[in-house]
Amino acid sequence: MPDVDIIGFSVVGPWDNPWARFYSLDGKEALPLLVKIWMTAVFVAGMTAVVPARSQTSPATVVATVDRKPIMVSDVQREAMEMVGAAALQRLIEFRVIDDEARKDGITVTAADMKEQLRKERAKLTAPATLEDELKQHHLTMPLFEEMMRHNIELHKLLIGRVQTFPLYHLRAIMIYVSRPGATQTGPVHTDAQAEAIVTQAERDLQSGKKWDDIVKQYSEDAPTKGNAGDLGIVNKVSGYDQGFTNTAADLKNGQISTPFKILDGYAVIQRISSGADHPASENDAYDGVESAYEDYMVGHLSPSYVQNLQLKAKIVNYLSP
Amino acid sequence: MKLRYRLSALVAGICAFSALFTAANTAHAWSYSNTGQYFSTTSGSYILDTDEWGSTAGVTLYYNNPQNWDLYCNFTGGGVKAYPHTQVNTNISEGSYNVWGYFNASPGSGTWDLAWDNWDSNGAEYMIWENWGGGAGPLGSEVASNVSISGAGTFNVYSGNDGHECISFLQTSTADNGTQGGVSSIMAWAKSHGYTSSATISNVQFGFEVSSTSGNQNFIMNDIQFGW
C-alpha cells in the first residue's frame, strides 16, 4: 500500500454534525452512516490488530447464501470498505488524536461523567421516545454510542478552558419601538421623538411608585414579553438582544431600574432582577442552564478547527485514503 | 449576533435521533416535517438545519426542500433559541468572492433577525442583517454608519468578539425579500478596515435567528437561492 501522509487532509465535519447527512430529503433514513462506519471500523481495527471480538470471524465465514451461493465476511468487508472506508478511518483517526491529547492533559472520563452525560442526553428526548428505542431505530448499539459520548466529553474538557464567558443577568424590560422602513411591524410604532417621550413617561410613572407589572402592560410594545412582566429571562451580551441591555445592566444593582436607553429599534427601560454573581438559590438551575448551553455551543464551535489542528500536529500516515 | 452553532457530535446525534416525521401540514402545503432540535436535510448543494441550539422547547420544521421551509416555534425568555437556516458549503478563495442571494422570507412576531452568516477560514464571522424585529441587536458596538458598499447596499457596521471576531452589516434599507449582492465587496470592506486578512469563505448560511416569540409563530423561508 502507498505510504500517504494526510497532513492537510480536509476534515469533513464529524465534529460539526455527523448526523447532518443522515436523512434524505423526505426525511427518511438515507444512509445509516454510523452503521457503515462501525462496520468499516471493525475491519480497519482488524487490520491494526485492535480487533473487537465481533470481527474475529474468519473472512471465509459464510454470512449468507443466495441460491446456495455464499456471501462471505470478506465480501461484506470489501463492500463496507468501498462504501465508507475513508470516512470511517477518518473518524477513528480523530478519536485517536482526541484520546492522545486528553492523555497528555491528564484528562480522564469518569463513570460519573458518563452517567451525567447519559442523563442529559436522555432528558433531551421527548417522551415516549427513549434512547434505547432511538438507538435501535438507527441500528446503533449502546457501546458505540457510549464511545462517541466518551470522546465528546474528552473534547469538552479539552476545550472548556478556551470558552470565553460573559456576565449573565436576569432582566425585565419595557420596550418602545420606532418606525423603520422595511420593518416587519407587529404593533404600534413611533417616531424617535415619540418613542423617547413614551419611555420617559414610563420611567416617570415607575419613579412615582407605580408597579412595574402595570407599567409594562400599559407601555411596553414588545409582544413576546409584554404579557410576562417584560421578563427577558437570563441574558448575556451574546444573547441576541441589543447590547444596551447588558451594558446597562452592568451598572445596576439587583432590583434597580435603569433610566431610558436607546436600542436598535427604539428605547428601553430595564430592571435588573439578579446577576450570575448574585442571585437566589432558586435561580441556580436557570443560570446553570444558560451557561451550560452557551458552553456547549462554544465547544461545538471550537471543535472542528481544534480537531483538525490536532491532526496537523500528529504524524499520521493513511494507507487507505491516498 | 449570530452564533454559528457547531454542535458536538453527541448532541447533534441525539437530536437527530429525536427526528419524528409527521404528516404534512396541509395549511402550509408542506410535504415534510420534523420535530427534532437539530434536524438536517440536504438536496444538491443546499443544506437545511433546524439548529435549535439554545432551547429544548418543541419546534416543528415544515419543509418542501432546503430552500423552502417554516419553523413553527414558541420561545420565551432571553437568548437566541434557534437559527433555522439554509446553507451551502462554498470554500471560495479570496479574489473569487461573488456570492449573492435571492431571498423571500416571512418572519413571525418576536425578537429575531433575518441574516446571512458567512464564515471565513480564519474563523471570523460576517453577518448581513436584512431585517430584524423586537429588541434584537448585533454583537459589539457600532464602528461605522451609513457605509455604502458597491453592489451590496448601505450598512451600519458593528464589531464584537465572543471568542472570535464577529462583524455585522445591518442594512439601512431593511426588507424580508430581495436580492443581496456584493458579498465580495462587503468582504473587501472588512479587509480594508482591518477586520480580516486573506481568507476563504468556508460556508454561507441564511436564516432566522430567533430569540423569543409572541406565542406560536411561523418563520417562513419562501425561497432562498445562493449564487457564487
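So, how was this worked out
Residues numbered from 1 in each chain as written. Chains lettered and ligands numbered in written order. Predicted model: local features only at pLDDT ≥ 70, side-chain atom pairs only at ≥ 80, totals over all residues. Helix = DSSP H or I, 4+ residues; strand = E, 2+ residues; numbered from the N terminus. Contact = placed C-beta atoms within 7 Å. Core = buried A, V, L, I, M, F, W, Y, C linked by C-beta atoms within 7 Å. Buried ≥ 20, exposed ≤ 12 C-beta atoms within 10 Å, placed from the backbone. Domains from an automatic or database assignment. pLDDT = per-residue confidence, 0-100. Axes fitted to C-alpha atoms, helices over the stretch in contact; angles between N-to-C directions. Parallel < 35°, antiparallel > 145°, perpendicular 65-115°, else oblique. Nonpolar A, V, L, I, M, F, W, Y, C, P; charged D, E, K, R; others polar. Pairing = 2+ DSSP bridges. Expected span 1.5 Å × (residues − 1). Arc of directions from axis to C-beta.

K.L.:
Describe the overall build of chain B, with residues and values.
P.N.:
Along its length, chain B carries two helices and 15 strands. Of all intrachain contacts in chain B linking residues separated by at least 6 positions in sequence, the fraction that spans at least 24 positions is 66%.

K.L.:
Give me the lowdown on the nonpolar core, citing residues and values where you can.
P.N.:
L171, A173, I174, V199, F245 and A268 of chain A together with I186 of chain B are the most contacted members of the largest nonpolar core, which totals 104 residues. When residues are assigned to domains, this core turns out to be shared by domain 1 (33-162 + 302-313) and domain 2 (169-275) of chain A, each giving three or more. When sequence neighbours within four positions are dropped, the list of residues in contact with V199 of chain A reads I174, I176, P260, Y267, A268 and V269 of chain A.

K.L.:
A description of the confidence of the model for chain A should follow, citing residues and the corresponding values.
P.N.:
On average, chain A scores 82 in pLDDT, and the residues at 70 or more come to 81%. Predicted confidence is poor over residues 1-55 of chain A, with pLDDT under 50, and the contacts of this stretch with residues over four places away or in other chains come to 104 contacts.

K.L.:
Now, about the packing of helix α5 (residues 142-159) of chain A against helix α10 (residues 284-313) of chain A: what can you tell me, with residues and values included?
P.N.:
Residue and element names in this part refer to chain A. Axis separation between α5 and α10 bottoms out at 10 Å; the angle between their running directions is 95°. Taken together, the axes of α5 and α10 are roughly perpendicular relative to one another. Here α5 contributes L155, H156 and L159 to the contact with α10, which in turn contributes V299, L302, S303 and Y306. Looking at the contact of α5 with α10 residue by residue, the classes come out as five nonpolar, two polar and no charged.

K.L.:
Which residues make up the pairing of strand β2 (residues 69-72) of chain A, and what values go with them?
P.N.:
Walk down a regular strand and you will see the side chains alternate between the two sheet faces. Note: strand β1 (residues 62-66) of chain A against β2 of chain A, four bridges, orientation antiparallel. Following the sheet pairing, V62 of chain A is matched in β2 of chain A by M72 of chain A.

K.L.:
Before we move on, can you summarise unusual backbone geometry with the specific residues and values?
P.N.:
Phi at A229 of chain A is positive, roughly 55°, even though this residue is not glycine. Along the polypeptide, A229 of chain A turns up in the loop between α8 (223-226) and β4 (231-235). A229 of chain A gets classed as partly exposed once you count the C-beta atoms within 10 Å, which come to 19. Even without being a glycine, D51 of chain B presents a positive backbone phi close to 50°. Along the chain, the position of D51 of chain B falls in the loop between β3 (46-49) and β4 (60-65).

K.L.:
Give a detailed account of helix α6 (residues 192-207) of chain A, specifying residues and quantitative values.
P.N.:
Residues and elements named next belong to chain A. Across its 16 residues, α6 extends 23 Å between first and last C-alpha, which sits within 8% of the 22 Å expected from 1.5 Å per residue. Three or more residues of α6 are buried, namely A195, I198, V199 and A202. Projection of α6 onto a plane perpendicular to its axis shows the buried side chains occupying an angular sector of 90°, all on one side. Turned more than 90 degrees away from the buried face of α6 sit A193, R204 and Q207, all of them exposed. Contact partners of the buried residues in α6: β3 (169-177), α7 (212-219) and β6 (266-275). Directly beyond the C-terminal end of α6, a positive phi value near 105° is found at G209.

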